[in-house]
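Residues per chain are reported as follows:
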Amino acid sequence: MDFLKKYDHQFQIFFVLFDAFVLVTGYLTARYFSFATEDFFRITSKEILTFFILMVVFFLFLERTEYPQKFRLRSKRKIIATMIMYVYLAISSLCLCQVIGLYPYDKTFCWIFTGVTFCIFMPERMILKILFDWLRKHGINNKNYLLIGAGIQGFDFYKMIINSPALGIQIDKVLDDGDLNEEVEPADEYRKFCGRIVADTSKIEDVLDSEEIDNVVVTLPMTNKDKIMNITNICEKRGIHVELIPNYYQIVSQHPSIREINGVPLIGIRNVPLEGMFNRMVKRLFDIIFSLLGIIIASPVMLAVAIAVKISSPGPVLFIQKRTGLKNKEFNIYKFRTMVVNNMSDTLQSSESDPRKTKIGDFLRRTNLDELPQLFNILRGEMSFVGPRPHMIKHTEEFYQKYDKYMVRHWVKPGLTGWAQVNGWRGDSDIEMRVKFDIEYIENWTFFWDIKIIFLTLFGRKARNHAY
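So, here's what we can say about the structure. The written sequence of each chain sets the order in which its residues are numbered from 1. Restriction of local features to residues with pLDDT of at least 70 applies here, the model being predicted, together with a cutoff of 80 or more for giving and counting side-chain atom pairs; totals for whole chains, interfaces and linings are based on all residues. Side-chain measures were taken over the full set of non-hydrogen atoms in the model, leaving aside hydrogen atoms and water.

Looking now at the overall build of the protein. Within the protein one finds 16 helices and 11 strands. Per-residue accessibility, obtained with a 1.4 Å probe over protein chains only, is compared with the maximum for each type, and a residue is labelled buried under 20%, exposed over 50%, and partly exposed between these values. In the protein, which comprises 468 residues, the proportion classed as buried is 48%. Residue exposure ignores everything except the shown protein chains as possible cover, and the areas themselves are Shrake-Rupley values with a 1.4 Å probe. Of the accessible surface of the protein, which amounts to about 23800 Å², a share of 62% is contributed by carbon and sulfur atoms. Per the convention used, a helix needs a DSSP run of H or I reaching at least four residues, while a strand needs a run of E reaching at least two, with both numbered from the N terminus.

Here T117 shows up in helix α5 (residues 107–137). Here a polar contact is taken to be a pair of N or O atoms separated by no more than 3.5 Å, where protein atoms must pair a possible hydrogen donor with a possible acceptor and residues adjacent in sequence count only if both atoms sit in side chains. Here F113 takes part through its backbone oxygen, which lies 2.8 Å from a polar atom of the side chain of T117. In this structure the side chain of T117 is engaged in a polar contact, spanning 3.2 Å, whose partner is the backbone oxygen of T114. In this structure T117 touches V22, L23, G26 and Y86, once residues within four positions along its chain are discounted. Residue contacts are defined here by distance: any two heavy atoms, one from each residue, within 4.5 Å place the two residues in contact.

Quick look at helix α3 (residues 45–65) now. In this model α3 runs 30 Å from its N-terminal to its C-terminal C-alpha over 21 residues, within 8% of the 30 Å that 1.5 Å per residue would give. For α3, the full list of buried residues reads E47, T50, L54, M55, F58, F59, F61, L62 and E63. In a helix, the anticipated span is given by 1.5 Å times the number of residues less one.

Attention now moves to helix α6 (residues 152–162). Three or more residues of α6 are buried, namely G154, F155, F157, Y158, M160 and I161. Those residues of α6 that are buried lie in contact with β1 (143–148), β2 (169–175), α7 (187–194), β4 (215–218), β6 (257–261) and β7 (264–268).

Note on ring pairs: Phe, Tyr and Trp rings are taken, using the six-membered ring of Trp, and paired if centres are within 6.5 Å. Classes follow the plane angle, with under 30 degrees stacked, over 60 edge-to-face and the rest tilted. Going through the model one piece at a time under the given rule, you end up with 23 aromatic pairs. Ring geometry for Y158 and F193: centres 4.9 Å apart, planes at 40°, overall tilted. Separated by 35 residues along the polypeptide, Y158 in helix α6 and F193 in helix α7 bring together distant segments of the chain. Given the relative accessible area of 8%, Y158 is considered buried. When its relative accessible area of 0% is taken as the criterion, F193 is described as buried. The structure contains a cluster of three or more aromatic residues connected by ring pairs, namely Y27, F51, F58, Y86, F109, F113 and F121. Above the plane of the ring of Y400 lies K237, whose end atom (NZ or CZ) is 5.5 Å from the centre. The criterion is that NZ of a Lys, or CZ of an Arg, lies within 6 Å of the ring centre and within 35 degrees of the ring normal, and then a charge sits over that ring.

What follows concerns the pattern of salt bridges. We count a salt bridge whenever a side-chain nitrogen from Lys or Arg sits within 4 Å of a carboxyl oxygen from Asp or Glu. One pass over the full model with this rule turns up 23 salt bridges. For E236, the salt bridge is made with R270, and the minimal N-O distance between the two is 3.1 Å. With E236 in helix α9 (residues 225–237) and R270 in the loop between β7 and α10 (277–312), this pair connects stretches of sequence that are 34 residues apart. By relative accessible area, E236 is classed as buried at 0%.

Nonpolar cores were defined as sets of buried Ala, Val, Leu, Ile, Met, Phe, Trp, Tyr and Cys residues, with membership established by side-chain atoms within 4.5 Å. Formed by 40 residues in total, the largest nonpolar core has its most connected members in F336, Y406, W419, Y441 and I453. Contributing elements (two or more residues each) for this core: α10, β9 (330–336), α12 (374–380), β10 (384–386), α13 (393–402), α14 (419–422), α15 (431–444) and α16 (447–459). With 7 residues, the single largest contributor to this core is α10. Apart from residues lying up to four places away in sequence, W419 is in contact with F437, E440, Y441, W449, K452, I453 and L456. Formed by 26 residues, the second largest nonpolar core is a distinct cluster that contains L23, A30, F61 and F113.

Here 7 strands make up an open sheet; going across it, the order is β3-β2-β1-β4-β5-β7-β6 and the pairing mixed. Pairing within the sheet leaves two strands with one partner each, and these edge strands are β3 (197–199) and β6. Strand after strand, the sheet turns through a mean of 35° between neighbouring axes, direction not considered. Across 4 bridges, β4 lies against strand β5 (residues 241–244) in parallel orientation. Bridge pairing in β5 links V217 to E243. Only when DSSP finds a minimum of two bridges between them are two strands counted as paired. Axes here mean lines fitted to C-alpha atoms, for a helix over just the part in contact, with angles spanning 0 to 180 degrees between N-to-C directions.

Next comes the structure, spelled out in structure tokens:
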């Protein structure tokens, strides 16, 4: 049953698409019973506009209330409350459309649309909640958490987790430096909890390397600020999410993520907007549409470049290399070959006066034409138009050891261009600055920021720095 965990994102996409199907079905059903049969197929542009606006409003509502929250963490009470809020929003929106004259939805339409969608959404969500809770109670699709700190806060969090098997969270190992509180009640349960302590916090790297850890929760006292900062650096270096039991405000980023598990607030070190299903779908839809358009429009240029590359030097037209992508997974990146065939391409990065470059290679790099085949990487879903630039495997292994926050870059898809690149940090420039700009992008992503970066890539001056 590990496939539930493996294909978690695919399940979320299915739920979003199902919601869209239900909204459209509810609208068509209400329209059928509200209008005369002969008027059913008479759809005006005004109605299409109104329908589009309503669907966007309802999707935004769901995005803000449900999609950001992991399904396993939603209580039945919150599901019911969300559905009641949805009914209120649907009725209010339809009545508002009628009042302002955008489209004359009558009472029949209003009640049928709301009734149909509510009567599908509520059972669907409750059945899924009950089903997945049952599976997790039986040890299927569980998450493995590492708890650091065996004090009162750590013990309380642990009790909440073991008393909530439907969450599907396991805490098999605890790290602590021995500052235990023998007066914690009940003493027997606390001693049993302390039996899960496998090492002190200095052994965290050994535990992370030997165990498959999904999340790390830190409950150490705030007086251990330096120790906590070291722990977060070690975890982020491996691309593992860290969450803190408040109040550890001095070590989180400017935009931390905050969520709740059965009344216990958890503060994530970083907020990642692209972990939200709605945001990922918007970005992916943009990538699919414009990569297809780009391939069609640029096909004559790519053909001309391919011929020029083939004529300029012996060897393949495309340069294919392993790069590190989303969640540290390797993929093959496509580029037009700009160098003579050599055995250092996977270890040595290009420099300004690199003798390996072909006659046309320098021109292709300065104009970024060598990157055009990456439109296929984007279409395949391995890359996005905007994101941290992917590095060769050797550099990932090297930079991972050298820069603490480097692996955070792989929490989102790599991009054809990025925030670091349009600010002049590309090629063999300062890696620490590139990581800084990449993390800033990851924490503050918006769709319009992507548009801005694409515009700066095409017309900005800094984007051409280190273009060799």
